[in-house]
Amino acid sequence: LPADCKKTTSGISVIKLDGSWQFINSNSSVKGHGTVPGCIHTDLLANKKIDDPYYGYNDIKYRWIAFDNWTYTREFMVSKEFMKSKNIELICYGLDTVATVTINDKVVGTTINMFNRYIFDIKHALRTGKNDISVAFTSAVTYAASQSKAYKDDIPPDCPPAIQHGECHRNFIRKEPCSFSWDWGPAFITQGIWRNIELQGYNSPIIRDIKISPLYDKGKKEWTLNVTVVLYSSSKFKGTGKLKLSIQPNLKLNRQMWTVSLSKYPLIFTITTKVSGNINRWWPVNYGNQSMYTLKAQFQANGHSQPVDSISRRFGFRTTKLLQPKLKKGHGFFFEINDVPIFLKGANWIPADSFESRVTPEVIRNLLQSAIDANMNVVRNWGGGIYQHEAFYDIADELGLLVWEELKYACSMYPVDSRFLNSVKNEITYQVRRLHHHPSVFVWGGNNENEVAIAQNWYGTNKNPTLYKKNYVELYIKTIRPIVLSEDPSRPFLSSSPSNGVQSEKDDWLATNPQDPYYGDVHYYNYSSDIWKTSSYPTPRFASEYGFQSYPSFEALSKVSKSSDWKFNSSFMEHRQHHPQGTAQLLQQMNLHFTLPTSNTSKKSFEDYIFLTQVVQAVGYSVETEHYRRRRSLLDSSNKGMTMGALYWQLNSIWPAPSWSSLEYGGRWKMLQYYAAKFFAPITLSIYENQDIIHVFGMNDYQ
């Protein structure tokens, strides 16, 4: 198949390899036409080799797909002119996950990390005319198992709880953790070319990456830009070149041109320059406008005929700080954006689909707009999913929706051998450089619940606490943290969530109780107490996870089930229930406040059960969230309070099933989402009763 070769205005020739490919399994029994970007599951579905993966028990029925090895191939044309390029590279923006890349029967590279961008020098493998490329994937399940078996230590957890119907050793592969299953999602362990792939041909060095950090001097009342340009050339070009920077609209830099000495690559060139003009800040929603600017960097090697290479990034002028002031007991914990303390209101984001090629910009916009419509100002991109698509951050910038960006490490211990850590280093460097220019991203998080997992012995780590604590510090503090702070000095870095913040740091990064309400943030789940009672909840400095399950609508469930499944405790509904004791907990909460349907055999009774789960959830979240908002400016007699954030679990769903979400799969609002629009309203009243006393609070985000 011919590929489309285009010459950009910067003189880089590009051959895009997106589009039509061929796929085949390990024994050649299954083959068909594939689409890139995509994955094997969606390609099998498009070729009618499988039915809807979300229907019925198909998450189990189609598990064989994850255990097979799949190869993608295609042909592409290369012109004589393209072959004259001194540098020819294959840019893989996302291979999922363990793959060997071959061009014309020559291996040009291998991959082991879904989250990394891979760049391979391929000039030696190309020929003029027709070329063949093959990307041969190894099963992530079998690879992870082999890595675990070969590792010198036991790195828990080995497998998810049986109720999740998942696969083992997700922590031994740098791949979307929740694709191995979670307590709200299925195990669809994908393979494929999940992001763009292309060839680039060029002669003199090009700008591969650029970082932009706006810094504000309050004393001088002036902005400076810290800009880092990463130049690259696989042909080891030597000499000098000119770098030029400009900002639109209508801003000036006190210096615009620099001379760069070119020697070794990648060459990292950092400059700091003042900015003048009428600078409008980027603000979170309801605090001001979302003003954006475009920085353009242009580079040309001296004495070279190749046109100027350029790269542009949209960014915003805004500052972000994490403050943890000393209080009578413990420390506060809150964020300032542009020196304004912000009470963060929002929810946790999980992957919107098991198959990311189906998560289009339209899907993302619908979900993020729903967050805005429910008066949220933040989403936390949870660490068990993926670093999101560019559209996610572009839309968040536009809407004024803050993003707590958590690195993709969750609910697991991890290996710390050199191969794994080197992969981690490349991943973190790439992702921070990729995302740093978005003003919506206001904090980096190191991991989800791994500090508390050690403290509370979730995975039996007490059998060798020294080992697991050492590994934790090696991965997050000695490896990840220095990279993040070096690549992006403009944002705070949290080692874990939940954590005691500054106190965890004093405790060598592993607190005895990372859920201490006097420090940092907490994750709080209480499935036994009455969730409609304020007394069921703690009074933390910041609540970054909390919640309770409900069922999605009948409309959502009926699309993936048959009529005999429409019972509250049917085998199908129990199969979809991945949370231990989840159904019993729902029944307990409903029984506290309602008379349950007397029948469990009709469609109507099934719909009634669904409705009541959503009522229980919506009211429970309302009680808990209002409790946190009321404590924003108050300390109680035990010095608890000054709560400055309420991010419930979770905003969206990955498939139609019981979950903690307020948006079901596809974006339909559950009852909770309507309640959230009220309990997150910028100005509202909160009224509750305690010991025959009525308490009335006025809450104003802007005061």
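None of the values given here were measured: they were computed from a predicted structure.

K.L.:
Explain the overall build of the chain here, please?
P.N.:
Scanning the chain for helices and strands turns up 16 helices and 36 strands. Relative to the 2.2 N^0.38 estimate, which gives 27 Å for 703 residues, the radius of gyration of the chain is 26 Å and therefore close to what a compact globule would have. Principal axes of the C-alpha set define a box for the chain whose edges measure 85 × 70 × 45 Å. When burial is assessed residue by residue, the chain has 62% of its 703 residues classed as buried. At a minimum sequence separation of 6, the contacts of the chain that also span at least 24 residues come to 71%. Summed over its atoms, the accessible surface of the chain is roughly 26400 Å², and 51% of this surface lies on carbon and sulfur atoms. Between the centroid of the 77 positive side chains of the chain and the centroid of its 63 negative side chains there is a distance of 7 Å.

K.L.:
Where do I start with the packing of helix α8 (residues 418-435) against helix α10 (residues 465-487) in this structure?
P.N.:
Two packed helices can be described by the angle between their axes and the distance between those axes. Packing of α8 against α10 leaves a shortest axis separation of 10 Å and a crossing angle of 30°. Viewed along their axes, α8 and α10 adopt a mutual orientation that is roughly parallel. When you trace α8 past α10, the crossing you get is right-handed. Taking contact as the criterion, the partners of L421, V424, K425, I428, T429, V432 and R433 in α8 are, on α10, E474, L475, T479, I480, I483, V484 and E487. A class-by-class count of the residues in the contact of α8 with α10 yields eight nonpolar, two polar and four charged.

K.L.:
I would appreciate a short explanation of the state of the cysteines in the present structure.
P.N.:
A covalent bond between the sulfur atoms of two cysteines is what we call a disulfide. Counted by the stated rule, this structure contains one disulfide. A sulfur-sulfur distance of 2.0 Å marks the disulfide that ties C159 to C168. Here the S-S torsion is close to 100°, and the disulfide linking C159 with C168 is therefore right-handed. Classification of C159 by relative accessible area gives partly exposed; the value is 41%. Take C39: it sits in no disulfide, and the sulfur closest to it among the cysteines is that of C178, at 13 Å. As a non-bridged cysteine, C411 has C178 as the owner of its nearest cysteine sulfur, 11 Å distant. On the basis of relative accessibility, which here comes to 7%, the residue C411 falls in the buried class.

What counts, and where the lines are drawn
- Residues numbered from 1 in each chain as written.
- Predicted model: local features only at pLDDT ≥ 70, side-chain atom pairs only at ≥ 80, totals over all residues.
- Heavy atoms only, no water.
- Helix = DSSP H or I, 4+ residues; strand = E, 2+ residues; numbered from the N terminus.
- Rg over C-alpha atoms; globule rule 2.2 N^0.38 Å.
- Buried < 20%, exposed > 50% of the residue type's maximum accessible area, 1.4 Å probe, protein only.
- Contact = heavy atoms within 4.5 Å.
- Areas by Shrake-Rupley, 256 points an atom, 1.4 Å probe, with all protein chains shown as cover.
- Lys, Arg positive; Asp, Glu negative; His and termini not counted.
- Charge placed at Lys NZ, Arg CZ, Asp CG, Glu CD.
- Axes fitted to C-alpha atoms, helices over the stretch in contact; angles between N-to-C directions.
- Parallel < 35°, antiparallel > 145°, perpendicular 65-115°, else oblique.
- Left-handed = near helix turned anticlockwise from the far one by under 90°.
- Nonpolar A, V, L, I, M, F, W, Y, C, P; charged D, E, K, R; others polar.
- Disulfide = S-S within 2.5 Å.

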